[in-house]
Amino acid sequence: MFKPILTRSIAVLLVVLLSGSGQLFANTVTGENGAVASRSALASDVGVEILKQGGNAIDAAVAVGFALAVTYPSAGNIGGGGFMVVRLANGEVLAQDHREKAPLAASTDMFLDANGDVDRELSLFSLQASGVPGSVAGMLDALEKYGTMTRQEVMAPAIRLAEEGFALNADLAGDFNDTMPYFQRHEASQAIFSKNGSPYQAGDLFVQKDLAESLKRVSEQGRDGFYKGPTADMIVAEMQRNGGLISHEDLESYDVVWRTPMRGDYRGHEIWSMPPPSSGGVVLLQILNMLEPHDIGVLGWGSTRTVHLTVEALRRAYADRAEHLGDPDFYPVPVEKLISKDYARERFADMNPAAASDSEQIFAGNWNTESTETTHYSVVDADGNAVSVTTTLNGSYGNRIVVPGAGFLLNNEMDDFSAKPGAPNMYGLLGGEANKIEPGKRMLSSMTPTIVVKDGQTLLVTGSPGGSTIINTVLHVVMNVIDHGMGVEEAVAKPRFYHQWKPDVVRYETDSFSAETKAELEAMGHRGLTDSGYGYGDANSIVIRDGQIEATSDPRSVGGASAY
Ligand code: DON
């Protein structure tokens, strides 16, 4: 039944063997003091080292964030942005927004060509595709407010990995080579991701001297070491040479925002997640609210009823996302309405238990009132602090442009805006007024860093990459833990199905349900049921039960979990 997982596990095993780490099937680990799950085993080890040195989960999360910028450059970053949800040992929950912002020179129609069509080359692979990076400001601010260690201490491992290099595994070397046609367009990108133009091989030492220097400037000078001085000068010089928009003013004025976290309740559990400008928390809570009146646990994992109800909830929540979600600093997002149980009841009232709805007949809810590559990591420490971070350059390796001299990639997050009402972005997501481009605005995100609390204790720390599929991946992990009582490894490994309103198709990972269930779903009118293999998301997660901290890296990719 789990052939794809097995195949992947063998791939992981081979990579582990090839990389010489000596640990077999090291995807799930258990500890009593602390743990990190991330897309990079090296970065997870950095986090646990920081914990062992006496750092708390925030210190470790910041160290992992900077390490991922070195060891997982397609998504780990200092040229991108992300979100962090923190639950402190005292029970306080915080949500930090270090999402990129549109440069001040950005304009609503900047990605439209002479015919009024969206120019995807421009929105994805140009310097104009980059929002003002937020990761450095976010990491440093979290460290200052809630960490216990110095910048120099938490950044030392990342600087060492960049300066001394590390042995590439087959996964990373292969990924660099797959992206080479893009890197070849930019001298600085090709210089980093190839050996003087020849492909890297597994086992080669990957050294990033310019990146090490950029990290050292941050380590020594803090925020000013990135948003002012030589790094800022190099970013702005590249922008000015090649038609980008980011200015010194944009960099200096970049602000981190601590927002009120999204809080919902699902079957006696507190669900804490990211508020707008991420759609993640709102949409996740909407779906859980629609499902709560139905006993998913009894209906069973992968049953026709469970899949049907989940697809119908996804359909409605994603329709609302397209209409109502955007940067709350620019648009009045009706958050309270969208996440209320009453609204969920109304919204799900037209759900037919026996037949699929037609997305063409499902419109965003209206009432009289008054948005492939990202990476998620989870950290917990011995005191009970928990940190859930999703960070991104948007596309894999962002716009694939390395800032000459500075050694890091720039994001292409501007594509997350709705460049034109009704035109799908690279994830097929629709949007309009709420998520149009405006100077200084944050683009709508789907990133859903989430923490689930039961009886006052952190139960689950999770999140995922995957563009529009992120919310769905988090939903499946949450449901697998709460409704189906699974442990973290099973909850994350289980195949997932997916629907995003439009296109009106149900995509599913192999073995998400039986052939009989598939036939029943088709008979109910569900359209376009498509087996997509095994690869929705990368939910590096932690579950804490009975004092045991269990961390897993998603078997869909080559990551690593570390615990002690
Ligand atoms: O913020 C967002 O929703 C997207 N920029 C995330 C991109 C992503 O997950 C790509 N990963 N596979």
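Calculation rules
- Residues numbered from 1 in each chain as written.
- Predicted model: local features only at pLDDT ≥ 70, side-chain atom pairs only at ≥ 80, totals over all residues.
- Heavy atoms only, no water.
- Near = heavy atom within 4 Å.
- Polar contact = N/O pair within 3.5 Å; in protein donor to acceptor, adjacent residues only side chain to side chain.
- Helix = DSSP H or I, 4+ residues; strand = E, 2+ residues; numbered from the N terminus.
- Pairing = 2+ DSSP bridges.
- Axes fitted to C-alpha atoms, helices over the stretch in contact; angles between N-to-C directions.
- Contact = heavy atoms within 4.5 Å.
- Core = buried A, V, L, I, M, F, W, Y, C linked by side-chain atoms within 4.5 Å.
- Buried < 20%, exposed > 50% of the residue type's maximum accessible area, 1.4 Å probe, protein only.
- Parallel < 35°, antiparallel > 145°, perpendicular 65-115°, else oblique.
- Left-handed = near helix turned anticlockwise from the far one by under 90°.
- Nonpolar A, V, L, I, M, F, W, Y, C, P; charged D, E, K, R; others polar.
- Salt bridge = Lys/Arg side-chain N within 4 Å of Asp/Glu carboxyl O.
- Expected span 1.5 Å × (residues − 1).
- Phe/Tyr/Trp six-rings, centres within 6.5 Å; stacked < 30°, edge-to-face > 60°.
- Lys NZ or Arg CZ within 6 Å of the ring centre and 35° of its normal.

Colleague: Can you help me understand the site of the ligand in this one?
Modeller: The environment of the ligand is made up of 16 residues, and the closest members are Glu373, Thr374, Glu413, Asp416 and Ser445. For the ligand, an oxygen atom lies 2.6 Å from a polar atom in the side chain of threonine 374. One nitrogen or oxygen atom from the main chain of glycine 467 is found 2.7 Å from an oxygen atom belonging to the ligand. Put simply, the parts of the chain that give the shell around the ligand at least two residues each are strand E10 (373-380) and strand E11 (386-394).

Colleague: How should the sheet that holds strand E4 (residues 93-98) be read in this particular structure?
Modeller: Think of a sheet as strands paired side by side through backbone hydrogen bonds, with each pair either parallel or antiparallel. Reading across the sheet, the seven strands line up as E7-E4-E3-E11-E10-E2-E19 and stay open at both edges, with antiparallel pairing between neighbours. Among the strands making up the open sheet, the edge pair consists of strand E7 (257-259) and strand E19 (560-563). Ignoring which end each strand starts from, the neighbouring axes of this sheet average 15° apart. The pairing of E4 with E7 spans three bridges and is antiparallel. Among the inter-strand pairings, glutamine 96 is bridged to a residue of E7, identified as tryptophan 258. Against the sheet, helix H2 (residues 41-52) touches strand E2 (35-38), E10 and E19, its axis set at about 160° to E2. Of the strands in this sheet, E2, strand E3 (81-87), E10 and E11 touch helix H3 (residues 57-71), which is tilted by about 155° from E10.

Colleague: Any chance you could explain unusual backbone geometry here in plain terms?
Modeller: Negative phi values dominate among residues other than glycine, just as trans dominates among peptide bonds. Going from proline 276 to proline 277, the amide bond is cis rather than trans, its omega being 20°. Among the structural elements, proline 277 can be located in the loop between strand E9 (269-273) and helix H14 (280-291). Backbone geometry at asparagine 196 places phi at a positive 50°, although glycine is not the residue there. Tracing the backbone shows asparagine 196 in the loop between helix H9 (187-193) and strand E6 (205-206).

Colleague: Can you walk me through the nonpolar core in this structure?
Modeller: Where a protein is soluble and globular, its nonpolar side chains tend to be buried together. Grouped together as the largest cluster of nonpolar side chains are 80 residues, with contacts concentrated most on Phe66, Ile78, Phe193, Leu215, Val387 and Phe408. Examining the composition of this core, we find that twelve residues originate from one element, H3, more than from any other. Setting aside chain neighbours within four positions, we find phenylalanine 408 in contact with Ile78, Gly79, Leu211, Ser214, Phe226, Thr231, Ile235, Ile401, Val402 and Val403. Formed by 72 residues, the second largest nonpolar core is a distinct cluster that contains Ile296, Val335, Tyr498 and Ala561.

Colleague: Looking at this structure, how should I read the packing of H14 against helix H16 (residues 304-324)?
Modeller: Each packed pair of helices is defined by two parameters, the angle between the axes and the distance between the axes. The interhelical angle for the contact between H14 and H16, taken along N-to-C directions, is 140°, at an axis separation of 9 Å. Classified by the angle their axes make, H14 and H16 are oblique. Along this stretch, H14 crosses H16, giving a crossing that reads as right-handed. Contacts from Val283, Gln286, Ile287, Met290 and Leu291 of H14 reach H16 at Leu309, Thr310, Ala313, Leu314, Arg316, Ala317, Tyr318, Asp320 and Arg321. Within the contact of H14 with H16, the residues separate by chemical class into nine nonpolar, two polar and three charged.

Colleague: I would appreciate a short explanation of the pattern of salt bridges in the present structure.
Modeller: Within the structure shown, the criterion is met by 34 salt bridges. Notably, a salt bridge pairs aspartate 97 with arginine 259, separated by 2.8 Å at the nearest N-O pair. Separated by 162 residues along the polypeptide, aspartate 97 in strand E4 and arginine 259 in strand E7 bring together distant segments of the chain. Summarising the burial analysis for this pair, aspartate 97 and arginine 259 share the class buried. As a salt-bridge pair, lysine 101 and aspartate 255 come within 2.8 Å of each other at their nearest N and O atoms. Of this pair, lysine 101 sits in the loop between E4 and helix H4 (120-125) while aspartate 255 sits in the loop between helix H13 (248-252) and E7, placing them 154 residues apart in sequence. Accessibility expressed as a relative area gives 31% for aspartate 255, which makes it partly exposed. Through salt bridges with shared partners, one network takes in Asp97, Lys101, Asp255, Arg259, Asp329 and Arg442.

Colleague: Help me understand the sheet that holds strand E16 (residues 530-531) in this model?
Modeller: Reading across the sheet, the three strands line up as E14-E15-E16 and stay open at both edges, with mixed pairing between neighbours. Either end of the sheet is taken by a strand with one partner, and the two such strands are strand E14 (497-498) and E16. Here two bridges tie strand E15 (residues 507-508) to E16, and the two strands are oriented parallel to one another. By the bridge assignment for E16, tyrosine 508 is matched with aspartate 531.

Colleague: In this structure, what is going on with the pairing of E3? I would like to understand it.
Modeller: Along any regular strand the residues' side chains alternate between the sheet's two faces. Buried residues dominate E3, accounting for seven of its seven residues. Of the two faces of E3, the one holding Gly81, Phe83, Val85 and Arg87 and the one holding Gly82, Met84 and Val86 are both buried throughout. Where E3 meets E11, seven bridges bridge the pair, whose relative direction is antiparallel. Its bridge partner lying in E11, glycine 81 is registered against threonine 392.

Colleague: I would appreciate a short explanation of helix H10 (residues 209-221) in the present structure.
Modeller: Because an α-helix packs 3.6 residues into every turn, residues spaced three or four apart end up facing the same way. Along its 13 residues, H10 runs 18 Å from first to last C-alpha, staying within 8% of the 18 Å computed at 1.5 Å per residue. Every buried residue belonging to H10 is among Leu211, Ala212, Ser214, Leu215, Arg217, Val218 and Ser219, and all of these are buried. The elements touched by buried residues of H10 are H3, helix H5 (135-146), helix H6 (151-164), helix H11 (224-227) and helix H12 (229-241). Backbone geometry just downstream of H10 places glycine 222 in the positive-phi region, at approximately 75°.

Colleague: Can you help me understand the environment of proline 495 in this one?
Modeller: Relative to the helices and strands, proline 495 resides in the loop between helix H20 (488-493) and E14. When the C-alpha atoms of proline 495 and glycine 422 are compared, they prove to be 31 Å apart, with 73 residues separating the residues in sequence.

Colleague: I keep staring at the packing of aromatic side chains and nothing clicks. Help me out?
Modeller: Two aromatic rings, taken as a pair, are described by how far apart their centres are and by the angle between their planes. Following the criterion strictly, the structure yields 19 aromatic pairs and no others. For the pair phenylalanine 183 and tyrosine 397, a centre-to-centre distance of 5.2 Å together with 90° between the ring planes defines the contact as edge-to-face. By the ring-pair criterion, three or more aromatic residues cluster together here, those being Phe166, Phe176, Phe183, Phe193, Tyr200, Phe206 and Tyr397. Positioned above the aromatic ring of tryptophan 301, the side-chain terminus of lysine 494 is 4.2 Å from the ring centre.

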